[in-house]
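This is what each chain is made of:
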Amino acid sequence: MAVDFTLTPEQLADRAAAREFAEKHLAGVERLIAGIPTPEERLLATRPIYREMVRAGYLKAMIPADLGGTFRSVLDLVIVGEEISHGDMSVSCSLFSSGLGFYPVLIGGSLEQRRRFLAPFLADDGTPMAALAFSEDGGSANFDAPEPSAGFTTTARRDGDEWVISGRKAFTTNGYGWEGEGPEFFSVACRVGDGPSDRTLSVIAVPGDSPGISYGPSLDTMGHRACLSPRVVFDEVRVPVGNMIGRPGDGIDLLTRTFAWSGVTVGAEAVCVMQQAFDAARAFAVTERRRGAVPVIEHQNVAYMLADIKMRLEAARYLVWKAAHRLDETAATDMELSNMAKVHCSELAVQVVYDAMRLVGVESYADERPFARMLQDALALPLYDGGNMGIRRRAIGQVLAADGYDSRAAAENRPVADPGR
């Protein structure tokens, strides 16, 4: 039988190591940042923990071996990512957001660009960051609108041997760096010229210390309390012409594929939240009597709710694994399942945490139990990385509408007729 969900010895070892790492280094983040008033200060407080993640090799694990990294597969990445996020979702979000930042270079950069821009992330120590400068104030759901008057307002014009970039970005995770010095580089999504998006939408690598970069007010988010999402202003920022990733117009493909990759990591984070919610709700159910004669799990409704939560958790985990495996098997050309995993699992996580809170009752609303923090973190998952109501659902719709669409290709692990890019 070909279908097998048995993890390899290497995957089991990596999963156990990640769980141990999270318990040792990440479990105390909530206490560490409690009472710290600003998002900038909270982020800075986690810098030693991020450094430990770099030392443990979790940043290099997103870079292929032929470039000096240790990446084996997207499936391995999400298995480890779920465990890392159990300790704290803020720091793991910063880590995966660095991957989001340099992924366009990985998939679209020349060999020279990949060697140049990825070099800082191959170190065995330090705290390097990358950032994807994608979202803009006013929303970016229609980032690839073909009309020149719509889509991104961030632009790049050529001046001799340089691109001159101007615009404002929002929700640029890692964009501040640690102390306002910026990341190692931004992958800046912008438009080059006034034509349709398939000829103008581009991604340009911009060093974080480039003159002309400044920061607006940071967004103090409900969850992910130690993961900073600043507004970034690019004011006549100059970079060499050779910093464009691919050619003008390649931005649609680069960004679509980047978000498909990040979709499975968000799915893994969602599974993590569901696992935490189930474990906490079950611990409550088997120990608490609520003034009754037996633990509340002996009551039919509680057992039913726990069973429903566990079924949704298990189904979500295997969808994420299947989506990651599909990306591996198709060299990331079939993005249907990764987008579905992001949308389905992120929205399911919110419902699962809420159901766990209903099971526990009003005590779940207080900080003596972990559910409020879980809900705050879970609520971000359907909203960021493009947002389920925008890029995610539209991306799925474009695949479904493609000529030659085969609804069973993913289930049977066959090539797709049209990758939907």
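What comes next is a walk through the structure. (Residues numbered from 1 in each chain as written. Predicted model: local features only at pLDDT ≥ 70, side-chain atom pairs only at ≥ 80, totals over all residues. Heavy atoms only, no water.)

### A closer look at the pattern of salt bridges
Point 1. By the definition in use, this model includes 31 salt bridges.
Point 2. Salt-bridge contacts for Arg369 lead to Glu288; the nearest nitrogen and oxygen are separated by 3.5 Å. Taken together, the positions of Arg369 in the loop between α11 (336-360) and α12 (371-380) and Glu288 in the loop between α9 (251-287) and α10 (300-329) put the pair 81 residues apart, joining distant regions of the chain.
Point 3. Its relative accessible area of 23% is what places Arg369 among the partly exposed residues.
Point 4. Connected via shared salt-bridge partners are Arg51, Glu52, Arg55 and Asp125. (Salt bridge = Lys/Arg side-chain N within 4 Å of Asp/Glu carboxyl O. Helix = DSSP H or I, 4+ residues; strand = E, 2+ residues; numbered from the N terminus. Buried < 20%, exposed > 50% of the residue type's maximum accessible area, 1.4 Å probe, protein only.)

### As for unusual backbone geometry
Point 1. Even without glycine at this site, Asn174 takes up a positive phi of about 75°.
Point 2. For Asn174, the location among the structural elements is in the loop between β3 (162-169) and β4 (185-192).
Point 3. One non-glycine residue, Arg290, lies in positive phi territory at about 55°.
Point 4. By the element assignment, Arg290 lies in the loop between α9 and α10.

### Focus: the packing of aromatic side chains
Aromatic rings in a pair are described by how distant their centres are and how their planes are angled relative to each other.
Point 1. All chains considered together, the criterion is met by 14 aromatic pairs.
Point 2. For the pair Phe102 and Phe121, a centre-to-centre distance of 5.1 Å together with 50° between the ring planes defines the contact as tilted. Taken together, the positions of Phe102 in helix α6 (residues 89-108) and Phe121 in the loop between α7 (111-118) and β1 (130-133) put the pair 19 residues apart, joining distant regions of the chain. Phe121 carries the same exposure label as Phe102, and that label is buried.
Point 3. Both rings, one in Phe117 and one in Phe185, keep their centres 5.2 Å apart while their planes meet at 45°; by these two values the pair is tilted. Taken together, the residues Phe117 in helix α7 and Phe185 in strand β4 connect sequence positions 68 residues apart.
Point 4. Looking at Phe117, the relative accessible area reads 7%, which means it is buried. (Phe/Tyr/Trp six-rings, centres within 6.5 Å; stacked < 30°, edge-to-face > 60°.)

### Comments concerning the packing of α11 against α12
Point 1. In contact at an axis separation of 9 Å, α11 and α12 are set at 160° when each is read in the N-to-C sense. Regarding the angle of α11 to α12, the classification is roughly antiparallel. As for the relative orientation of α11 and α12, their crossing is left-handed in sense. Between α11, through Ala349, Val350, Val353, Ala356, Met357 and Val360, and α12, the contact on the second element is made entirely by Phe371, Met374, Leu375, Ala378 and Leu379.
Point 2. When grouped by side-chain class, the residues that make up the contact of α11 with α12 number eleven nonpolar, no polar and no charged. (Axes fitted to C-alpha atoms, helices over the stretch in contact; angles between N-to-C directions. Parallel < 35°, antiparallel > 145°, perpendicular 65-115°, else oblique. Left-handed = near helix turned anticlockwise from the far one by under 90°. Contact = heavy atoms within 4.5 Å. Nonpolar A, V, L, I, M, F, W, Y, C, P; charged D, E, K, R; others polar.)

### Concerning the side chain of Asp355
Point 1. Topologically, Asp355 is positioned in helix α11.
Point 2. A residue is classified by how much of its surface remains accessible, and Asp355, at 6% relative accessible area, is buried.

### Digging into the pairing of strand β2 (residues 155-159)
Point 1. The pairing of β2 with β3 spans five bridges and is classified as antiparallel. Following the sheet pairing, Thr155 is matched in β3 by Ser166.
Point 2. Two successive antiparallel strands, β2 and β3, enclose a turn made up of two residues, where Gly160 displays a positive phi of approximately 70°.
Point 3. As judged from the two bridges shared by β2 and β4, these two strands associate in the parallel manner. (Pairing = 2+ DSSP bridges.)

### With respect to the pairing of β1
Point 1. Of the two faces of β1, the one lined by Ala130 and Leu132 and the one lined by Ala131 and Ala133 are each fully buried.
Point 2. Taken together, the four bridges between β1 and β4 define a ladder with parallel strand orientation. Its bridge partner lying in β4, Ala131 is registered against Phe186.

### Let's talk about the layout of surface pockets
Point 1. One number sums up the size of the largest pocket: a volume of about 770 Å³.
Point 2. As for the largest pocket, its lining consists of 37 residues, and the residues nearest its centre are Phe171, Thr173, Leu383, Tyr384 and Asp385.
Point 3. Those elements giving two or more residues to the lining of the largest pocket turn out to be α6, β1, α9, α12 and α13 (387-401).
Point 4. Here the lining of the largest pocket gets six residues from one element, more than from any other, and that element is α9.
Point 5. For the lining of the largest pocket, the per-class residue count stands at 19 nonpolar, 14 polar and four charged. (1 Å grid on protein atoms, 1.4 Å probe; cavity = no way out; pocket = protein on both sides within 12 Å on 5 of 7 lines; lining within 4 Å. Points joined across faces, edges and corners; volume = space filled by probe spheres on them.)

### Quick word on the nonpolar core
Point 1. Ranked by size, the top nonpolar core spans 99 residues in total, and within it Leu26, Val78, Phe102, Leu255 and Met274 carry the most contacts.
Point 2. Among the elements that line this core, the one with the most residues is α9, at 18 residues.
Point 3. Not counting the four nearest positions on each side in its chain, Phe102 is found in contact with Leu59, Met62, Ile63, Leu118, Phe121, Ala130 and Phe185. (Core = buried A, V, L, I, M, F, W, Y, C linked by side-chain atoms within 4.5 Å.)

### Quick word on a nonpolar patch on the surface
Point 1. Where nonpolar side chains cluster on the molecular surface, the patch consists of Val3, Phe5 and Tyr318 and spans about 300 Å² of accessible area.
Point 2. Residue placement: Val3 occurs in the segment before α1 (9-26). (Patch = residues over 30% accessible without salt bridge, like charges linked within 9 Å, V, L, I, M, F, W, Y side chains within 5 Å. Areas by Shrake-Rupley, 256 points an atom, 1.4 Å probe, with all protein chains shown as cover.)

### Observations regarding the environment of Arg116
Point 1. Structurally, the position occupied by Arg116 is in helix α7.
Point 2. Taking C-alpha positions, Arg116 is 41 Å from Leu313, a pair spaced 197 residues apart along the chain.
Point 3. With near-sequence residues (within four places) excluded, Arg116 lies in contact with Gly242 and Asn243.
Point 4. At 2.7 Å, the side chain of Arg116 forms a polar contact with the side chain of Glu112. (Polar contact = N/O pair within 3.5 Å; in protein donor to acceptor, adjacent residues only side chain to side chain.)

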